[in-house]
Amino acid sequence: MTDTTDHNLSLFHHAQALIPGGVNSPVRAFRAVGGTPSFITRGQGAYLWDADGRRLIDYIGSWGPMILGHGHPAVLEAVHRAVALGLSFGAPTERESELAEAIMRHVPSIERLRLVSSGTEAGMSAIRLARGATGRSKIVKFNGCYHGHADALLVKAGSGLATFGHATSAGVPEVVVQDTLVLEYNDVAQLEAAFALHGDKIACVIMEPIAGNMNFVRASVPFMRAARALCTKHGALLIIDEVMTGFRVALGGAQSLYAKEIAGFQPDLTMLGKVVGGGMPLAAFGGRRDVMEQLAPLGPVYQAGTLSGNPVATACGLATLREVGKPGFYAALAERTRALITGLAQAAKAEGVPFCGDSEGGMMGYFLLPALPGNYPEVLQSDGARFNRFFHGLLDRGIYTAPALYEAGFVSAAHTGEDIATTVAAAREVFRELAN
Ligand code: HOZ
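Residues numbered from 1 in each chain as written. Predicted model: local features only at pLDDT ≥ 70, side-chain atom pairs only at ≥ 80, totals over all residues. Heavy atoms only, no water.

With that settled, the discussion passes to the layout of surface pockets. By volume, the second largest pocket amounts to about 380 Å³. Forming the walls of the second largest pocket are 19 residues, and the residues nearest its centre are Pro92, Thr93, Glu96, Ser308 and Gly309. For the lining of the second largest pocket, the elements supplying multiple residues, two or more each, are helix H3 (94-106) and strand E4 (112-116). Of the residues contributing to the lining of the second largest pocket, the split by class is eight nonpolar, nine polar and two charged. (1 Å grid on protein atoms, 1.4 Å probe; cavity = no way out; pocket = protein on both sides within 12 Å on 5 of 7 lines; lining within 4 Å. Points joined across faces, edges and corners; volume = space filled by probe spheres on them. Helix = DSSP H or I, 4+ residues; strand = E, 2+ residues; numbered from the N terminus. Nonpolar A, V, L, I, M, F, W, Y, C, P; charged D, E, K, R; others polar.)

Here it is in structure tokens:
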């Protein structure tokens, strides 16, 4: 296991005396993998530096937003310019429309959009809107999918809860989740049965198109097709949670990939976060105009936020979207990410360790399993102790990956071929240790 070092350890002790678990988001605490979290002092490009001055190759990327790597000059310049003009106005700015336009240009299912400050807010608001617009109460979510920590969605929600061994958070009253139907991901028959039973009461189906909170599990094309068709048939809304995948797996998000396979495919509502904020607290939800116009002040569904559309966050997001919109951006990113997964698979094979991985754009996942899982019970077949040894073996060698086996990983445009080769070489050493 990684040696605990003076600075990281003393900072962790100090933080634990002030903040529950020493962290402001549970998975950062290393509880699942053991050891001391790296306290980060700065980031540049593909690298982070911890409190002991160790350089780490970063495959967390702030859990997704840092698609350009840390400290991209065009993003920093846009942020500096915005900061000089004021930090928050609580009033409309032109840049909010510019960002909305930039998003809509690439995601045609979004006809109207509202900016919020976090993915949790986007999920909570999208559910309220779906219920308000349909006049129905029930929502369908899938085991292992995470859509933020709003009460109604915090049931069998993958990583955050799974890491700590709970299905549902304490503090969520039964009555709040009684209308949340939790089904198995990629199970068409179960989805059909749920609609046969409750079709006229279901407000929406909410899903991650690539579930990034049970590591990396794709929705199959038949599953996505069935979700779309059943929602349309029964008058429910299909909400695609692209907080992780939006502008991360492709310029048009994961929905653009399904649209290539399913004629006319579009969700009714989309949630965005992470990359759209470029590393600042910004997220969004949007979709069909008739549905979005149910929001206050036009309609009866209330939703608001003091920092929504914050001028510094919108500058950061807009500058990021300008960069990812450049020709060839995603092709190059996808190639690098694939090279990492292929390299890891080859290294594992050479050392006789079961391994499988998958990637799309700059998002990836891997399991110490012989075949890719298709749902959460299959993800649970992973050997947690083995994963933890792999994690610490990499961290000891300066490779920073998610400290929980339920999390996806992220490659940025700043990662070089040399970073990938260094990572694969380190992984091969760790696989050798695991094999013995
Ligand atoms: N919700 C994130 C995991 N999928 C964790 C975010 C964080 O700890 O920063």
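So that's the structure; there's more coming.
This part covers empty space enclosed by the protein. Scanning the model with the defined rule gives four cavities of 30 Å³ or more in all. Taken as a whole, the largest cavity spans an internal volume of roughly 110 Å³. Around the largest cavity sit 13 residues that line it, and Tyr366, Ala402, Glu407, Ala408 and Gly409 are the ones nearest its centre. The dominant element in the lining of the largest cavity, judged by the number of residues it contributes, is strand E14 (residues 363-367), at three residues. Grouping the amino acids of the lining of the largest cavity by side-chain chemistry returns eight nonpolar, four polar and one charged.

Our next topic: the nonpolar core. Across soluble globular proteins, nonpolar side chains show a tendency to be buried alongside one another. Residues Phe142, Tyr185 and Leu191 are the most contacted members of the largest nonpolar core, which totals 56 residues. Looking at this core, the element that brings in the most residues is helix H8 (residues 221-234), giving five residues. In contact with Phe142, other than residues within four places in its own chain, are Lys156, Val182, Leu183, Glu184, Tyr185, Leu191, Val205, Ile206, Met207 and Phe223. Counting residues in each nonpolar core, the second largest holds 55 residues, with Ala284, Cys316, Leu321 and Phe431 among its members. (Core = buried A, V, L, I, M, F, W, Y, C linked by side-chain atoms within 4.5 Å. Buried < 20%, exposed > 50% of the residue type's maximum accessible area, 1.4 Å probe, protein only. Contact = heavy atoms within 4.5 Å.)

It is worth spelling out the sheet that holds E4 at this point. To summarise the sheet geometry, strands pair through backbone hydrogen bonds and adopt either a parallel or an antiparallel arrangement. What the seven strands build is an open sheet, ordered E4-E12-E11-E10-E7-E5-E6; its pairing is mixed. Looking at the sheet topology across the chains shown, the edges are occupied by E4 and strand E6 (180-183). Neighbour to neighbour, the strand axes of the sheet diverge by 20° on average, direction disregarded. Across four bridges, the pairing between strand E7 (residues 202-207) and strand E10 (residues 237-242) is parallel. Bridging across to E10, Cys204 finds its partner in Leu237. Set on the sheet, H8 makes contact with strand E5 (138-142), E7 and E10; between it and E10 the angle comes to about 140°. (Pairing = 2+ DSSP bridges. Axes fitted to C-alpha atoms, helices over the stretch in contact; angles between N-to-C directions.)

Our focus in this paragraph is the side chain of Ser38. Looking at the element boundaries, Ser38 is found in the loop between helix H1 (6-16) and strand E1 (40-44). Taking relative accessible area as the criterion, Ser38 reaches 12% and is therefore assigned buried. Discounting chain neighbours no more than four positions away, the residues touching Ser38 are Asn8, Phe30, Asp50, Leu56, Leu395 and Tyr400.

This part takes up the pairing of strand E3 (residues 55-58). Bridge count for strand E2 (residues 47-50) against E3 is three bridges, and the pairing is antiparallel. Counterpart to Tyr47 in the pairing with E3 is Ile57. What sits between the antiparallel neighbours E2 and E3 is a turn of four residues, in which Gly53 has the positive phi angle 80°. Sheet topology note: the E3/strand E15 (residues 399-400) ladder contains two bridges and is parallel. For Ile57, the partnering residue across the bridge sits in E15 and is Ile399.

Once that is clear, we can look at H1. Looking only at H1, the buried set comprises Asn8, Phe12 and Ala15. Down the axis of H1, the buried set is contained in an arc of 65°. They therefore lie on one face. Exposed side of H1, more than 90 degrees from the buried face: Asp6 and His14 are the residues found there. Residues of H1 that are buried make contact with E2. (Arc of directions from axis to C-beta.)

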